[in-house]
Every structure is written in C-alpha cells, then in structure tokens.
Amino acid sequence: MVPKGILYLVPTGLGGEIAPLLPAATMDVLQGLEHFIVEKPKSARAFLKAVGYSQPLQAIAMQTLDEHTPHSAIAAMLRPLEDGHMCGLLSEAGCPAIADPGAALIREAHRASLRVVPLVGPSALLLALMASGLNGQRFAFHGYLPVERTARVKKLAELERESERVEVVQVFIETPYRNEAVLDAVVACCQRDTLLCIATDLTLPTESIRTLPVSEWKNTRSSLDRRPSVFLLYREKRVAGNAR
C-alpha cells in the first residue's frame, strides 16, 4: 500500500522580497514539492521563482482553488495525496486558509485522514497584533466589514461594544482602495478613547504600525490608499465610577 502524501500549508509573501522571511526548514520542504494547489497560478509561479524554487516551473502540477471553485470539486484535488505525492497549498498573500479559500480544502484533507502540516512564514494578522500593544490574550478576526456605509457603521458600533464587554481586540481588513473610507467610519462613529491600530505594508520598507485613540486619528493621517492594511479596534472595559 502506497503511503499517503502530506498537505503542506506554505506561507507566501505580503509584498516585497519574500525569501529572507521564510525559514530554512520551510524552504527545504518547498523545494521538494511538485504538486501545488493555488489561488492564482500566475502569481504562484512568480512566488516560486522569487524564492529560488529549483525545479522547472513548467513541469510542476498546479491546481486552482479560488472563491469560484465549487465545493464538489475540492475533494478531487486531494487525489495526488491519496497516490502518495506531497502537495503544497499556497495563498495569494501570507498564510494559507487565513482569509482565503484554502480552509475548505484542509477540511476535506482531515475528512480523508490526510496529514496537514502548517509551515512557518509571515502572517499579516499576527504581525499586526504583535506590534499593536493591544490585548493578545483575546482577539477575533472578522474579515471584511460591510461595504455599504450605514451597514459598516452599524457593524463598527457592534464591534466596539463587544470589545468593551469581553475585552476582545476586533481585527478586520479591507480592500486597499477602501481603507480611507473605513478609517473615516471609525473616526465618525467610535468613542474618542477607543484604541485603533492600523498596520500597513507589513514586512515592506514602507511599513507603518501605529496605535492611537480614535480622537487622535482625526488629526493623524497618512495615505492608506491602495496599501494593504490590518485594522485592530480595542475598547478597554471601563471601571465603574471611573469617568473618562
């Protein structure tokens, strides 16, 4: 009986030069893979080329898993692993299955009793939380906020109340060209002393990470337009009788 293969979760870059950010152990595993499941083949090949992948790119097997992939097609992507091949799952940016469609494939791998191995590499969410100075003991990631302005403001108000109630850091992202609109919404609807961290261009030379009260963000602006950013909102629980 042929031993089953392993599904390796391979982190990619957040922008800029990626090879220095990947540990040697991750690079060693990557070099031995010939089967990949990726979100976009073109950018996956660019990533492999950038990190010095030594095998001919035209010779590797590459399947596409994106938001349009029907769930019924996912299980078949695991056939190379059933046949004993090692396979790498690549996200478009950062760690696979974090705010990308790879989670569905991983669930199928577990159902098929296949081994899943996460490899070490950059994660925008964890890097932002580490550098925020906010509560690393309790946090929640919400993905994208509603696009429509009224719904977005309502969601922010809910997140702020929940943050204070259970002392949780609320983490969310946005399509980069809507970053400014999200910041405007936070400034307009959140309490002055609620803390907001914006982590922008993580791992790039232009990286910026700042945590300030909402009141200070009104007068502290740097251009966020089309720059990948992570937002972290935290309202500390108020002590009874302590006016702010």
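Residues numbered from 1 in each chain as written. Predicted model: local features only at pLDDT ≥ 70, side-chain atom pairs only at ≥ 80, totals over all residues. Heavy atoms only, no water.

Caption draft 1: A look at the packing of aromatic side chains. Following the criterion strictly, the structure yields 2 aromatic pairs and no others. Ring geometry for F36 against Y53: centres 5.9 Å apart, planes inclined by 80 degrees, an arrangement best described as edge-to-face. With F36 in strand β2 (residues 35–38) and Y53 in the loop between α2 (41–50) and β3 (61–64), this residue pair connects regions lying 17 residues apart in the sequence. An identical accessibility class is assigned to F36 and Y53; each is buried. (Phe/Tyr/Trp six-rings, centres within 6.5 Å; stacked < 30°, edge-to-face > 60°. Helix = DSSP H or I, 4+ residues; strand = E, 2+ residues; numbered from the N terminus. Buried < 20%, exposed > 50% of the residue type's maximum accessible area, 1.4 Å probe, protein only.)

Caption draft 2: Structural context of the sheet that holds strand β7 (residues 169–173). Taken in spatial order, the 5 strands of this open sheet run β6-β7-β10-β8-β9, and their pairing is mixed. Unpaired on one side and paired on the other, β6 (139–144) and β9 (208–213) mark the two borders of the sheet. When strand polarity is set aside, the average angle formed by the axes of neighbouring strands in this sheet is 15 degrees. Pairing of strand β8 (residues 195–200) with strand β10 (residues 229–234), which is carried by 6 bridges, proceeds in the antiparallel orientation. If you follow C197 over to β10, its bridge partner there is L232. Against the sheet, helix α6 (residues 149–166) contacts β6, β7 and β10, and its axis sits at roughly 150 degrees relative to β7. Across the sheet, helix α7 (residues 179–189) is in contact with β7, β8 and β10; its angle to β10 comes to roughly 10 degrees. (Pairing = 2+ DSSP bridges. Axes fitted to C-alpha atoms, helices over the stretch in contact; angles between N-to-C directions. Contact = heavy atoms within 4.5 Å.)

Caption draft 3: Spatial organisation of the environment of D100. Relative to the assigned elements, D100 resides in the loop between β4 (87–90) and α4 (102–111). For the pair formed by D100 and L90, sequence separation is 10 residues and the distance between their alpha carbons is 9.8 Å. When near neighbours in sequence (up to four residues on either side) are disregarded, D100 contacts E39 and S91. Only 3.1 Å separates the side chain of D100 from the side chain of S91, close enough to count as a polar contact. (Polar contact = N/O pair within 3.5 Å; in protein donor to acceptor, adjacent residues only side chain to side chain.)

Caption draft 4: Broad picture of empty space enclosed by the protein. Counted according to the given criterion, the structure contains 1 cavity of 30 Å³ or more. Within this model, the largest cavity holds a volume of roughly 50 Å³. Together, I198, T200, S208, R210, W217, S222, L224 and R227 line the largest cavity. At the level of elements, β8 and β9 are the ones that each hand at least two residues to the lining of the largest cavity. Residue composition of the lining of the largest cavity, grouped by class: 3 nonpolar, 3 polar and 2 charged. (1 Å grid on protein atoms, 1.4 Å probe; cavity = no way out; pocket = protein on both sides within 12 Å on 5 of 7 lines; lining within 4 Å. Points joined across faces, edges and corners; volume = space filled by probe spheres on them. Nonpolar A, V, L, I, M, F, W, Y, C, P; charged D, E, K, R; others polar.)

Caption draft 5: Expanded view of the packing of α6 against α7. Axis separation between α6 and α7 bottoms out at 10 Å; the angle between their running directions is 60 degrees. When the interaxial angle is binned, α6 and α7 end up oblique. As for the relative orientation of α6 and α7, their crossing is right-handed in sense. In this structure, α6 uses R152, V153, L156 and E160 to contact α7, whose residues at the interface are A181, V182, A185, V186 and C189. (Parallel < 35°, antiparallel > 145°, perpendicular 65-115°, else oblique. Left-handed = near helix turned anticlockwise from the far one by under 90°.)

Caption draft 6: Structural context of α4. The set of residues buried in α4 consists of G102, A104, L105, I106, E108 and A109. Among the residues trailing α4, S113 stands out with phi positive, at a value near 60 degrees.

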